[in-house]
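Here is what each chain is made of, one letter per residue.
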Amino acid sequence: MFEINDLVVYENGGVCRVEEIASPDFVKNNELYYTLQPLFDKAGTIYVKVENDRHVLRHIISKDEASGYLDGLEDIEPMYSKDDKTRDREFKEALKSCDLRRWISMLKGILAERNRRLDQGKKLNIGDERNMQKVGKLIISEYAAVMDMKLEEARAMIEGTIN
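(A) Inspection of the overall build of the chain at higher detail. Check the secondary structure of the chain and you find 5 helices and 5 strands. Each helix and strand of the chain, ordered N terminal to C terminal, gives the series β-β-β-β-β-α-α-α-α-α. Expressed along its principal axes, the backbone C-alpha trace of the chain runs to roughly 55 × 35 × 25 Å. Within the chain, the proportion of its 163 residues that are buried is 41%. Considering only contacts within the chain whose residues lie at least 6 apart along the sequence, 52% involve residues at least 24 apart. For the chain, the accessible surface area stands at approximately 9700 Å², while carbon and sulfur atoms represent 47% of it. Averaging the locations of the 26 positively and 31 negatively charged side chains of the chain gives two centres separated by 7 Å.

Structure (structure tokens):
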């Protein structure tokens, strides 16, 4: 169970602070929910059941883990299936998994494909572009929170390391 003020990563919601653990007004059966405030999107609030098996919620990684991922970047295989349907399914599962290693693998795969296409004078397809934006935002927001950086600084660090 998480505590109030814990920093957590919520599936596609990114890094959030646990603001409250209570039964919100909209719940009739008094089930407990985490009230999550995204760190880098103050406009939204996310409610997640404390007892749930459908949504992935985890603590953010430590600084040592963050550095370890960057140091071991060459050991993370790029994820990119040539089949569009398989790739879409794999990317959807990776995003939902809340697994930073899979997110990095996904980003590496999309960036490699983007570079391959650029060499041919082509653009990345819209679905891959959208997934690259999603996964990039998730990775960058977690690194910004872990390393106590601004989003722009984290983006520069991640892009510099991957490229």
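(B) Molecular detail of the nonpolar core. The biggest cluster of nonpolar side chains holds 34 residues, and the ones touching the most others in it are W103, M106, I139 and Y143. Taken together, the elements giving at least two residues each to this core come down to α1 (63–71), α2 (84–97), α3 (100–119), α4 (126–147) and α5 (151–162). With 9 residues, α4 is the single largest residue contributor to this core. Judged by nonpolar contacts, the second largest core, of 11 residues, contains Y10, C16, V18 and I46.

(C) Local environment of the sheet that holds strand β3 (residues 33–38). Spatially, 5 strands are ordered β4-β3-β2-β1-β5 in an open sheet, and the strand pairing comes out antiparallel. A single partner strand is all that each edge strand has here, and the edge strands are β4 (46–49) and β5 (57–59). Each adjacent strand pair in this sheet contributes to an overall mean axis angle of 45°, direction not counted.

(D) The state of the cysteines, seen in detail. Under the defined criterion, the tally for this structure stands at 0 disulfides. Unpaired in terms of disulfides, C16 finds its nearest cysteine sulfur in C98, a separation of 9.4 Å. The class for C16 is buried, based on a relative accessible area of 0%.

(E) The packing of α2 against α4, seen in detail. Interhelical geometry of α2 versus α4 gives an angle of 15° and a closest axis separation of 11 Å. The angle between α2 and α4 places the two elements in the roughly parallel class. The two elements α2 and α4 cross, and the hand of that crossing is left-handed. Only D128, N131, K134, V135 and L138 of α4 make contact with α2, whose side of the interface consists of R87, F91 and L95. Each residue belonging to the contact of α2 with α4 can be placed in one class, and the counts come to 4 nonpolar, 1 polar and 3 charged.

Definitions and limits used
- Residues numbered from 1 in each chain as written.
- Predicted model: local features only at pLDDT ≥ 70, side-chain atom pairs only at ≥ 80, totals over all residues.
- Heavy atoms only, no water.
- Helix = DSSP H or I, 4+ residues; strand = E, 2+ residues; numbered from the N terminus.
- Buried < 20%, exposed > 50% of the residue type's maximum accessible area, 1.4 Å probe, protein only.
- Contact = heavy atoms within 4.5 Å.
- Areas by Shrake-Rupley, 256 points an atom, 1.4 Å probe, with all protein chains shown as cover.
- Lys, Arg positive; Asp, Glu negative; His and termini not counted.
- Charge placed at Lys NZ, Arg CZ, Asp CG, Glu CD.
- Core = buried A, V, L, I, M, F, W, Y, C linked by side-chain atoms within 4.5 Å.
- Pairing = 2+ DSSP bridges.
- Axes fitted to C-alpha atoms, helices over the stretch in contact; angles between N-to-C directions.
- Disulfide = S-S within 2.5 Å.
- Parallel < 35°, antiparallel > 145°, perpendicular 65-115°, else oblique.
- Left-handed = near helix turned anticlockwise from the far one by under 90°.
- Nonpolar A, V, L, I, M, F, W, Y, C, P; charged D, E, K, R; others polar.

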